[in-house]
Amino acid sequence: MLANDRTPGPIGVFDSGYGGLTVLDGIRRLLPEPDYLYLGDNARAPYGTRSFEVVYQFTLQAVRRLFDMGCQLVILGCNTASAKALRTIQQVDLPRLAPDRRVLGIIRPTVEAIGQYTRTGHIGIFGTPGTIRSRSYDIEISKLYPGFVTTGQECPLWVPLVENREFDNPGADYFVEKYIDTLLHRDPLIDTALLGCTHYPLLLRKIRRFMPREVNIVTQGDIVAHSLADYLRRHPEIAARVSRGGSATYLTTESAEKFSEMGSLFLSKDIQAQSITL
């Protein structure tokens, strides 16, 4: 068990790579005062095709590292980690490892907000193979909205398009249009499409181009930010353990230079990362 240290520390944000930066960006826009510590496990990315057990073990290692670095609260800014690891970490690991600290995901707050976007109750979900096959969104949506119909669409090439910087090039059009057409063919009544991977906002311009105008496209950054703000209001004991200097530190398990370059692309501003090992 970690020492029961309640010294204020940064909010940790974890992702398998770069995608969680879109979540961090949304959070910092709404909540600029806290300090943030971002960790990308780029050396072992992508997580989307890995097994539940492997994703769980990798995510737990990252959470422990962020706790060791002073984080009292960690956000899994990764749909795959939220789908495959969050529940076990919350129910099994936290009680024995750090009962006073918290780990939150991004699936539940996204699902809670999805109802305000749809009129037909037919929801399309774009995601990595791991997220879609976990059916995490389908399960959570059915709990909150039993009458809704969900259709998941695996998009195995969208993350590589982003990470190889092809997301804004004409060559990406085919794969963006292909997955959209496949989804809408499977359920023509879909009026709301969730981008269930934090990389996908970089494809948003192309997705809007090929998606029918009447379909709402939902991204996660703002949703998670408002959910976190609400959580901190409802849990002042956790909010009191968040340091507030407005800083952001970026860590990666791969090349710091590469992460700084790609991270600057995701955030539209220059950043400097540091390399660590897990």
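Residues numbered from 1 in each chain as written. Predicted model: local features only at pLDDT ≥ 70, side-chain atom pairs only at ≥ 80, totals over all residues. Heavy atoms only, no water.

(A) Seen up close, the sheet that holds strand β9 (residues 248–252). Strand order across the open sheet formed by six strands is β4-β3-β1-β2-β9-β10, with parallel pairing between neighbours. Edge strands, defined here as strands with exactly one partner in the open sheet, are β4 (102–104) and β10 (273–275). When the angles between neighbouring strand axes are averaged without regard to direction, this sheet yields 25 degrees. Direction of pairing for strand β1 (residues 11–15) relative to strand β3 (residues 73–76): parallel, over a ladder of four bridges. Counted as the bridge partner of Ile11 is Leu73 from β3. Relative to β4, helix α4 (residues 86–97) is tilted by about 165 degrees, and along the sheet it contacts β3 and β4. Running at roughly 145 degrees to β10, helix α13 (residues 256–267) makes contact with β2 (36–40), β9 and β10 of the sheet. (Pairing = 2+ DSSP bridges. Helix = DSSP H or I, 4+ residues; strand = E, 2+ residues; numbered from the N terminus. Axes fitted to C-alpha atoms, helices over the stretch in contact; angles between N-to-C directions. Contact = heavy atoms within 4.5 Å.)

(B) Fine view of the layout of surface pockets. The volume enclosed by the largest pocket comes to roughly 600 Å³. Forming the boundary of the largest pocket are 26 residues, of which Leu86, Gln90, Gly105, Arg108 and Pro109 lie nearest the centre. Listing elements by their share of the lining of the largest pocket, those giving two or more residues are α3 (79–84), α4, α5 (107–114), α7 (136–144) and α11 (221–234). The leading source of residues in the lining of the largest pocket is α11, at six residues. When the residues that make up the lining of the largest pocket are grouped by side-chain class, the tally is 12 nonpolar, six polar and eight charged. (1 Å grid on protein atoms, 1.4 Å probe; cavity = no way out; pocket = protein on both sides within 12 Å on 5 of 7 lines; lining within 4 Å. Points joined across faces, edges and corners; volume = space filled by probe spheres on them. Nonpolar A, V, L, I, M, F, W, Y, C, P; charged D, E, K, R; others polar.)

(C) Highlighting the packing of helix α1 (residues 20–30) against α11. The geometry of α1 relative to α11 is characterised by a closest axis approach of 8 Å and an angle of 50 degrees between their N-to-C directions. In terms of orientation, α1 and α11 fall into the oblique class. The chirality of how α1 crosses α11 is right-handed. Residues Thr22, Val23, Gly26, Ile27 and Leu30 of α1 touch α11, and the partners they reach there are Gly221, Asp222, Val224, Ala225, His226, Leu228 and Ala229. For the contact of α1 with α11, the class distribution of residues is seven nonpolar, four polar and one charged. (Parallel < 35°, antiparallel > 145°, perpendicular 65-115°, else oblique. Left-handed = near helix turned anticlockwise from the far one by under 90°.)

(D) Summary view of unusual backbone geometry. Residue Pro46 is reached from Ala45 by a cis peptide bond, and omega for that bond is 0 degrees. Along the chain, Pro46 falls in the loop between β2 and α2 (52–68). The backbone of Ser268 shows a phi angle near 60 degrees, a positive value even though the residue is not glycine. Position of Ser268 relative to the elements: it lies in the loop between α13 and β10. For Ser268, a relative accessible area of 67% corresponds to the exposed category. (Buried < 20%, exposed > 50% of the residue type's maximum accessible area, 1.4 Å probe, protein only.)

(E) Expanded view of α11. Taking 1.5 Å per residue as the helical rise, α11 with its 14 residues ought to reach 20 Å, and the 20 Å between its terminal C-alpha atoms agrees with that figure. All of the buried residues in α11 are Gly221, Ile223, Val224, Ala225, Leu228, Ala229, Tyr231 and Leu232. (Expected span 1.5 Å × (residues − 1).)

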